[in-house]
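Each chain, written out:
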Amino acid sequence: MPRTTGRVTMPIQEGIDDQIRELAAALGADAVRNSDGTWLPEIASELVDKVYSTYFPARGDQEWALAHPDTLVNQYLMSERVTATGPGPLRIDVLAGYYREQFRPCYERVERFWEVIDRTTGQVVPVPGWDVEESTGVLTVHEPVPWHEYTVGFLADQVWDTTQMYNYITNGWGQTDPTRVRERPYDVRKDGVWEHARQALTTWLAEHPEVDVVRFTTFFYHFTIAFNDQAKERFVDWFGYSASVSPQALDAFEAEYGYALRAEDFVDAGYYNSPFRVPSPRFRDWMDFTSRFVARRAKELVDITHAAGREAMMFLGDNWIGTEPYGEHFASIGLDAVVGSAGSAATTRLISDVPAVRYTEIRFLPYFFPDVFNHDGGDPVGQANDSWMTSRRAVVRHPLDRMGYGGYVSLALEFPDFVSRITQIAQEFRDIHEFSGGQRPQDAPVVVGVLNHWGALRSWQTHMVAHALRYKATYSYVGALESLAGLPFTVRFLSFEEVLASGVPDDVDVLVNAGAADTAYSGGPVWDDPRLVELLRSWVAAGHGLIGVGEPTAYAKGGSFFQLSDVLGVDEERQLTLSTDRYPTVVGSHPVTADLSGAFDDGEGAGHDIYAVSPRTQVLSYQDGTVRIAANEFGRGRAVYFSGLPYSHENSRTLQRALYWAAGREDLVETWWFTSDTATEVAWYPDRGRFLVTNNAYEPVSTTVTGQGRSWELELEPMGWAWVDVED
């Protein structure tokens, strides 16, 4: 039996009542839930204090959806690029390369909502210059310019709900459960849908008195996913708004804002307004327009839920577009809780830091699906360890109220070692709450600001593509955020817009600008604004710090690529200044790199040669003819540059040291809390008079913890942890 109980939500399903009882007791679960494709057994309310049930406001009533075929959710897509090889008509099959089980063209007012563009010139082809054959979905450009490339931006109908389609394909329901329907989504902006959604929820609540928590999964619009013609993912953007469109929404937007959005405003030449793109004013308008609409409608559903005496929880994923938990409209929804998936420390902080809810819950991995829970190479224990190891760093810094798992519990029960491991994880999660007294550990006296175009709106969400999946192009940047999620710093997310308007907030000691050139994270054209570079030069020179990762402040102007190269002490060679000889000042030892045991790992690096701009630049890591780490003093302030910063124990520690040094507080290594082994981290709870030290490695470690002028020698098991009371 567990030492304590509670704070755990476990998935359940029908037909295995005895095993469910045993598992609930082992985990100390006080809540149960169903999942997409499972149903609550009759014993659900007997097992625990709270019963959660998944609820889908925009799908699930297949009979109603089929009876109202004009209510499908729409999505903007762009055709493949097609080159005209002659002056004759150019035929473009708009759905070529897409999964036709997911989409079909929407032909409502094609002259308004479709758009043909000559990508070679960037010119829009006038509507009389093309027509579309509705029976085939083929668009014909009558007189294309030979050897020019053309695309079609077009509205599509989603004929299969995105989430259910993904689960259906992943679980092989077509083979294992051929009677299962392919659910059609419906859009609450369209005729009759909103009235149906309200009434359906009211009826459902009355028919399910056993449910205590309605787990909205989520509300109305799914993030952007398009499958290819092989039923595999073609395009995924966890932040994408491309499926929040409809003729009704576009008309309402035009009426409110006084201008009409084009197809190109959404397909964006095939970039689809990725969060890596510098957001355009038109796209920001659409985001705000959609968020206000979603918040109003979601609040009505939450009010209905509360009126029935139930709690309302939102899953941060799937149909979450328009909720933006750090946006200005989120609090108005009135949710009781938010739950999300833990893919990393950063995604865990994304959930734990969400404001305006009474409690937060994290769903650890793996999800109980057969892609992991199989006896042909599946490793559920390994994935459980990875999920807990990465997330625990964030849980320690800002504990979530609850944890849980999801999926088919019958699959998990086939792996007793997995059940044993998650039982241990559940207890360790509760121990963090019990031994900390529900308090957060003390942060170091250095406040960090992460500077990009998104600011607080996308707190803990930089450089993500498909939630926490690793991408070659981004892992060297994600590591900065991943490190910060478990380091002892207060972290704020700032936008260029607010810094230009109001300056850097008074409490911020060090700014971090991390990203590739031309992205929303580095900044792109914003660095062409002399006000920004003047402001930040002055701010650093006055005694503050700047950390740059990759291609910070990048914008080619005035003979420099990094517009704050004088502050950072480095710039990037763009093969335009190769005739200039350079002699870097390589420093053998420095407080920033004191914990590096070997060559610095910069991942993919900045992608180009980095060079020191001055003999005063202290080059701390120089490999293969390029600067990988540099430190520079600028006025009374300091800057540190990293060519890349993938997450690792040593890189996280090096970033911690860099932040201390940039803030002029390298003394904190000796005077504040610190551990000798980079795989270990310490959290200090002054009101409890104790600290927690964790081992983030799969090997045992010996570490020395220092703090308050004292030291402790500790031996930690793999993934181990220890609570130590500090006696006066």
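Residues numbered from 1 in each chain as written. Predicted model: local features only at pLDDT ≥ 70, side-chain atom pairs only at ≥ 80, totals over all residues. Heavy atoms only, no water.

A closer look at the packing of helix H7 (residues 193–207) against helix H10 (residues 281–307)
For the record, the criterion: Only C-alpha atoms enter the line fits that serve as axes; for helices the fit covers just the stretch in contact. Angles between N-to-C directions range over 0 to 180 degrees. By definition, any uninterrupted DSSP run of H or I lasting at least four residues is a helix, any uninterrupted run of E lasting at least two residues is a strand, and each is numbered from the N terminus. Relative orientations are named as follows: roughly parallel for angles under 35 degrees, roughly antiparallel for angles over 145 degrees, roughly perpendicular for angles from 65 to 115 degrees, and oblique for any other angle. Each crossing is labelled by how the near helix is turned from the far one, with a counterclockwise turn of less than a right angle marking it left-handed and a clockwise turn marking it right-handed. Contacts were defined at the residue level, with two residues in contact if any of their heavy atoms lie within 4.5 Å. Charged means Asp, Glu, Lys or Arg here, nonpolar means Ala, Val, Leu, Ile, Met, Phe, Trp, Tyr, Cys or Pro, and polar covers whatever is left, Gly included.
Between H7 and H10, the least distance of the axes is 10 Å, while the angle of their chain directions is 20°. Considering the angle they form, H7 stands roughly parallel to H10. The hand of the H7/H10 crossing is right-handed. Here H7 contributes Trp 194, Ala 197, Arg 198, Leu 201, Thr 202 and Leu 205 to the contact with H10, which in turn contributes Arg 297, Glu 300, Leu 301, Ile 304 and Thr 305. Its residues assigned to classes, the contact of H7 with H10 shows 6 nonpolar, 2 polar and 3 charged.

Some thoughts on the pairing of strand E10 (residues 130–133)
Stated precisely, the cut-off is as follows: The classification of residues rests on relative accessible area computed with a 1.4 Å probe and restricted to protein chains. Under 20% of the type maximum is buried, over 50% is exposed, and intermediate values are partly exposed. Strand pairing is defined by DSSP finding a minimum of two bridges between the two strands.
Side-chain alternation along E10 places Trp 130 and Val 132 on a buried face and Asp 131 and Glu 133 on a face that remains uncovered. For E10 and strand E11 (residues 138–141), the ladder comprises 4 bridges, and the chain directions are antiparallel. Each bridged residue has a counterpart across the sheet, and for Trp 130 the counterpart in E11 is Val 141.

Concerning the sheet that holds strand E6 (residues 90–93)
Strand pairing in a sheet is mediated by backbone hydrogen bonds. Such pairs are either parallel or antiparallel. Pairing is antiparallel in the open sheet, where 3 strands are placed in the order E6-E11-E10. Among the strands making up the open sheet, the edge pair consists of E6 and E10. Mean inter-strand twist for the sheet, computed between neighbouring axes without regard to direction, equals 25°. Two elements, E6 and E11, share 4 bridges in a ladder whose sense is antiparallel. Its bridge partner lying in E11, Asp 93 is registered against Val 138.

Concerning the sheet that holds strand E31 (residues 637–642)
Strands sit in the order E21-E20-E22-E23-E31-E30-E29-E27 across an open sheet of 8 strands; the sheet is mixed. The open sheet is flanked by strand E21 (490–495) and strand E27 (585–586), the only strands paired with a single partner. Its contacts with the sheet place helix H15 (residues 475–486) against strand E20 (447–452), E21, strand E22 (510–515) and strand E23 (545–550), and it is angled at close to 140° to E23. Across the face of the sheet, helix H19 (residues 649–662) comes into contact with E20, E22, E23, strand E29 (618–623), strand E30 (626–634) and E31 while running at roughly 160° to E31.

Overview of the pattern of salt bridges
The cut-off we apply is this: In the sections that follow, a salt bridge refers to a side-chain nitrogen of Lys or Arg positioned within 4 Å of a carboxyl oxygen of Asp or Glu.
In the structure shown here, the tally under the stated rule is 48 salt bridges. In this structure, the salt-bridge partner of Lys 50 is Glu 311, at a minimum N-O distance of 2.8 Å. Residue Lys 50 is found in strand E3 (residues 50–55), and its partner Glu 311 is found in strand E16 (residues 311–315); the two are separated by 261 residues along the sequence. Residue Glu 311 is classed as buried on the basis of its relative accessible area of 15%.

Here's the deal with unusual backbone geometry
For the peptide bond that leads from Thr 217 to Thr 218, omega is -15°, which places it in the cis range. Looking at the secondary structure, you find Thr 218 in the loop between strand E13 (213–216) and strand E14 (224–227). Put simply, Leu 365 and Pro 366 share a cis peptide bond, and its omega is 5°. As for its placement among the helices and strands, Pro 366 is situated in the loop between strand E18 (359–363) and helix H12 (380–397). You will see that Trp 147, though not glycine, has its phi angle at about 70°, which is positive. One can find Trp 147 in the loop between E11 and strand E12 (149–158). Positioned with a positive phi, Glu 324 is a non-glycine residue whose angle comes to about 35°. Relative to the elements of secondary structure, Glu 324 occurs in the loop between E16 and strand E17 (337–341).

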